[in-house]
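Observations on the model geometry
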Amino acid sequence: MEAVRAADHDRYLTALYAPADKREALFSLYAFNAEIAGIRDRIREALPGEVRLQWWRDLVATDNDGAAIGHPVADALKATISSHHLPKLAFDNMLEARIFDLYDDPMPSRTDLEGYCGETAAALIQLAAMVLDPLEAPRFAELAGRAGCAQAMTGLLLLLPLHRKRGQCFVPADILAAAGSTPEEFVAGDGGPGARRAVAAMTALAREHLSAFEQGAAELPASLRSAFLPLALSRAYLDRMEGWRSSPLDGVVRLSALRRHWLLVRRASKGWPAL
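Residues numbered from 1 in each chain as written. Predicted model: local features only at pLDDT ≥ 70, side-chain atom pairs only at ≥ 80, totals over all residues. Heavy atoms only, no water.

Time to look at the overall build of the protein chain. The secondary structure content of the protein chain amounts to 16 helices and 0 strands. Taking 275 residues into account, the globule formula puts the C-alpha radius of gyration at 19 Å, and the protein chain, at 18 Å, falls close to it. Across its three principal directions, the C-alpha atoms of the protein chain cover 55 × 45 × 30 Å. Across the 275 residues of the protein chain, 52% fall into the buried class. Put simply, of all contacts in the protein chain between residues at least 6 apart along the chain, 69% involve residues at least 24 apart. For the protein chain, the exposed area adds up to about 12500 Å²; of that, 55% sits on carbon and sulfur atoms. Each charge class in the protein chain can be summarised by its mean position, and for the 31 positive and 34 negative side chains these summaries are 8 Å apart. (Helix = DSSP H or I, 4+ residues; strand = E, 2+ residues; numbered from the N terminus. Rg over C-alpha atoms; globule rule 2.2 N^0.38 Å. Buried < 20%, exposed > 50% of the residue type's maximum accessible area, 1.4 Å probe, protein only. Contact = heavy atoms within 4.5 Å. Areas by Shrake-Rupley, 256 points an atom, 1.4 Å probe, with all protein chains shown as cover. Lys, Arg positive; Asp, Glu negative; His and termini not counted. Charge placed at Lys NZ, Arg CZ, Asp CG, Glu CD.)

Now the structure itself:
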């Protein structure tokens, strides 16, 4: 819980709306995600980062579920996988996708970006749903895919200042080309004349997935709601980006703590209205 509160405060807040007997498992999933998402920031070099990802892959693959590792997040994750019968392949795919984070290679296309979002944020939502209600969760796997794309793309926009500072570009090359830019130009200086058009296109793509999620979200049972609660913040973040006189290219976009709590309370209690 403390690891998630420090590293991923939005997901920490959403987990608090889950039933008490499910929170520990959700925190283990979110702590694992924070661990592997932060490898680039902690380790810096790509090869040691890959070694760390392989350590997690080997850990998940082993069958000695009762043996303690001595790593709090690892031990909690192993217990969650075992007790909730979570598919190990989902974790393996997530770890494979995170290799991209370690390098400065450009994201080739929108399709590649959607695949990356599917293996990371969408998979995490679906795993959380399986913890909350394993009978209902399979019905909403496609919705989790849309939700994960919307959430991850919003997150990547929020992290634009950090990514550009270290020369990393998650905006797909085909979107950049349509905006009259390149990955190299986008991460250099002010991003060039096409940078703001590329950000606008990326924002529109995030909104496309968010709207698709919201179309089906009214059918979500209350038992799964907390797995999808991060989406309660995504539209507000996107609105804030577009409402600024500047864009994520110029600085970090934030929501106040009060605003975040209010949005989560509303969705946790009422869900998403039918569109």
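Moving on, we come to empty space enclosed by the protein. Evaluation of the coordinates by the stated rule reveals 1 cavity of 30 Å³ or more. Roughly 50 Å³ of volume is contained in the largest cavity. If you trace the largest cavity, you find it lined by Leu156, Leu157, Leu160, His163, Gln168, Cys169, Phe170, Val171 and Met202. Residue assignment for the lining of the largest cavity shows that the elements contributing at least two residues are helix H9 (141-158) and helix H10 (160-165). Considered class by class, the residues forming the lining of the largest cavity number 7 nonpolar, 2 polar and no charged. (1 Å grid on protein atoms, 1.4 Å probe; cavity = no way out; pocket = protein on both sides within 12 Å on 5 of 7 lines; lining within 4 Å. Points joined across faces, edges and corners; volume = space filled by probe spheres on them. Nonpolar A, V, L, I, M, F, W, Y, C, P; charged D, E, K, R; others polar.)

Bringing the packing of aromatic side chains into the picture now. Scanning the entire structure with this criterion turns up 9 aromatic pairs. The interplanar angle of 50° and the centroid separation of 5.6 Å between the aromatic rings of Tyr116 and Phe170 together place this pair among those described as tilted. Taken together, the residues span a long stretch of sequence, with Tyr116 in helix H8 (residues 110-132) and Phe170 in the loop between H10 and helix H11 (173-178) at a distance of 54 residues. Judged by its relative accessible area of 9%, Tyr116 falls in the buried class. Here Phe170 falls in the buried class, since its relative accessible area comes to 5%. (Phe/Tyr/Trp six-rings, centres within 6.5 Å; stacked < 30°, edge-to-face > 60°.)

Turning to the packing of H9 against helix H13 (residues 195-217), a few remarks are in order. Contact pair H9 / H13: the axes reach a minimum separation of 8 Å and the direction vectors enclose 150°. It follows from the interaxial angle that H9 and H13 lie roughly antiparallel. With respect to the hand of their crossing, H9 and H13 are arranged in left-handed fashion. For the pair formed by H9 and H13, the contact residues are Leu143, Arg146, Ala147, Cys149, Ala150, Met153, Thr154, Leu156 and Leu157 on the first element and Val199, Met202, Thr203, Leu205, Ala206, Glu208, His209, Leu210, Ala212, Phe213, Gly216 and Ala217 on the second. Looking at the contact of H9 with H13, its residues break down into 15 nonpolar, 4 polar and 2 charged. (Axes fitted to C-alpha atoms, helices over the stretch in contact; angles between N-to-C directions. Parallel < 35°, antiparallel > 145°, perpendicular 65-115°, else oblique. Left-handed = near helix turned anticlockwise from the far one by under 90°.)

One finds Phe186, Phe213 and Phe228 to be the most contacted residues of the largest nonpolar core, which totals 92 residues. The element that contributes the greatest number of residues to this core is H8, accounting for 12 residues. Excluding residues that lie within four positions of it along the chain, Phe228 makes contacts with Ile125, Phe140, Leu143, Ala144, Ala147, Phe213, Leu220 and Trp272. (Core = buried A, V, L, I, M, F, W, Y, C linked by side-chain atoms within 4.5 Å.)

Attention now goes to the side chain of Gln126. Within the secondary structure layout, Gln126 lies in helix H8. Here Gln126 falls in the buried class, since its relative accessible area comes to 16%. A distance of 3.1 Å separates a polar side-chain atom of Gln126 from the backbone oxygen of Ala137. (Polar contact = N/O pair within 3.5 Å; in protein donor to acceptor, adjacent residues only side chain to side chain.)

A word on helix H7 (residues 88-97). Structural remark: α-helix, 3.6 residues per turn; residues separated by three or four positions point the same way. Within H7 the residues assigned to the buried category are Ala90, Phe91, Met94, Leu95 and Ala97. Around the axis of H7, the buried residues are gathered within 160° of arc, so they sit on the same side. As for H7, its buried residues are in contact with helix H3 (20-37), helix H5 (46-61), helix H6 (72-84) and H8. (Arc of directions from axis to C-beta.)

Before going further, it helps to spend a moment on unusual backbone geometry. A negative phi angle is the norm for most residues apart from glycine, just as the trans form is the norm for most peptide bonds. In the Ramachandran plot, His85 falls in the positive-phi region, its phi being about 55° despite a non-glycine side chain. Here His85 shows up in the loop between H6 and H7.

Our next topic: the pattern of salt bridges. If you walk through the whole model with that rule in mind, you get 16 salt bridges. Two residues, Asp8 and Arg11, come together in a salt bridge whose shortest N-O distance is 2.7 Å. Here the residues in one salt-bridge network are Arg57, Asp92 and Glu96, joined through shared partners. (Salt bridge = Lys/Arg side-chain N within 4 Å of Asp/Glu carboxyl O.)

Empty space within the largest pocket amounts to approximately 1200 Å³. Residue lining of the largest pocket: 37 residues in total, with Ala7, Asp8, Arg11, Gly155 and Leu159 positioned closest to the centre. Those elements that provide at least two residues to the lining of the largest pocket are helix H2 (9-15), H3, helix H4 (39-43), H8, H9, H10 and helix H15 (231-243). When residues in the lining of the largest pocket are grouped by element, the largest group, 6 residues, is from H9. Residues belonging to the lining of the largest pocket are distributed by class as follows: 17 nonpolar, 10 polar and 10 charged.

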